[in-house]
Amino acid sequence: QVQLVESGGGLVQAGGSLRLSCAASGRTGSRYSMGWFRQAPGTEREFVAAINWSGYITSYADSVKGRFTISRDNTKNTMSLQMDSLKPEDAAIYYCAARVAVTSIMRTPAQYDYWGQGTQVTVSS
């Protein structure tokens, strides 16, 4: 089992920045791939960014490319999402996810085993 806890959400004006963090605990001795997803009211959960085990390979949704940066620190079992130049359409609940025993990039929710509880991001125009 892996437990994931997100933090760092909040209210920000359009054009501003937020940094989300995800702390992993439990079965963290195994290698695992991680990602960020988001879900706005009335929509399906969508891919935001993903990072492989080593942290050297990343992938982003087109909508956030160039504005968001995903990173991880395996010594601390944490993952972060730096969000810059935020837009009102970025508002959603953001979830971190993990898949144990997989080291490559994954971009769909069904590929992940573990999820955090989510953190709300609100962007005012």
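Structure's up top.
Computed from a prediction, not measured in an experiment: that's the story for all the values here.

### A short note on the overall build of the protein
Within the protein one finds zero helices and eleven strands. Mapped in sequence order, the helices and strands of the protein form the string β-β-β-β-β-β-β-β-β-β-β. Computed over the C-alpha atoms, the radius of gyration of the protein is 13 Å, within 12% of the 14 Å expected from 2.2 N^0.38 for a compact globule of 125 residues. When the 125 residues of the protein are sorted by exposure, 46% land in the buried category. In the protein, once contacts between residues fewer than 6 apart in sequence are set aside, the share between residues at least 24 apart is 60%.

### A look at the pattern of salt bridges
Evaluated as defined, the whole model comprises five salt bridges. Ionic pairing is found between Arg-38 and Asp-90, a salt bridge with its closest N-O pair at 2.9 Å. Residue Arg-38 is located in strand β4 (residues 32–39), and its partner Asp-90 is located in the loop between β8 (78–83) and β9 (92–100); the two are separated by 52 residues in the primary sequence. In this structure, Arg-38 and Asp-90 share a single accessibility class: buried. Measuring nitrogen to oxygen at the nearest pair gives 2.7 Å for the salt bridge that ties Arg-67 to Asp-90. Linking Arg-67 in the loop between β6 (58–60) and β7 (68–73) with Asp-90 in the loop between β8 and β9, this pair joins segments that are 23 residues apart in sequence. Each member of the pair Arg-67 and Asp-90 is classed as buried. If you follow the salt bridges from partner to partner, you end up with Arg-38, Glu-46, Arg-67 and Asp-90 in one network.

### A look at the state of the cysteines
Following the criterion strictly, the structure yields one disulfide and no others. Each sulfur in the disulfide pair Cys-22 and Cys-96 lies 2.1 Å from the other. Judged by the torsion about the S-S bond (50°), the Cys-22/Cys-96 disulfide is right-handed. In this pair, Cys-22 sits in strand β3 (residues 18–26) while Cys-96 sits in strand β9, placing the two residues 74 residues apart along the sequence. As far as the burial class goes, Cys-22 and Cys-96 line up, both buried.

### As for the nonpolar core
With 39 residues, the main nonpolar core has Leu-4, Trp-36, Leu-81, Met-83 and Tyr-94 as its most contacted residues. Every element with two or more residues in this core is listed here: β1 (2–7), β3, β4, β5 (46–51), β7, β8, β9 and β11 (119–124). Take this core: its biggest share by element is six residues, from β9. Among all residues touching Leu-81, those that are not within four sequence positions of it are Leu-18, Arg-19, Leu-20, Trp-36, Val-48, Ala-49, Phe-68, Thr-69, Ile-70 and Tyr-94.

### Remarks on the sheet that holds β3
Ordered in space as β1-β3-β8-β7, the four strands form an open sheet in which the pairing is antiparallel. Here the strands that pair on one side only, and so sit at the sheet edges, are β1 and β7. Taken over all neighbouring pairs, the strand axes of this sheet differ in orientation by 15° on average, direction set aside. Of the strand pairs in this sheet, β3 and β8 are connected by six bridges, and their pairing is antiparallel.

The rules behind these values
Residues numbered from 1 in each chain as written. Predicted model: local features only at pLDDT ≥ 70, side-chain atom pairs only at ≥ 80, totals over all residues. Heavy atoms only, no water. Helix = DSSP H or I, 4+ residues; strand = E, 2+ residues; numbered from the N terminus. Rg over C-alpha atoms; globule rule 2.2 N^0.38 Å. Buried < 20%, exposed > 50% of the residue type's maximum accessible area, 1.4 Å probe, protein only. Contact = heavy atoms within 4.5 Å. Salt bridge = Lys/Arg side-chain N within 4 Å of Asp/Glu carboxyl O. Disulfide = S-S within 2.5 Å. Core = buried A, V, L, I, M, F, W, Y, C linked by side-chain atoms within 4.5 Å. Pairing = 2+ DSSP bridges. Axes fitted to C-alpha atoms, helices over the stretch in contact; angles between N-to-C directions.

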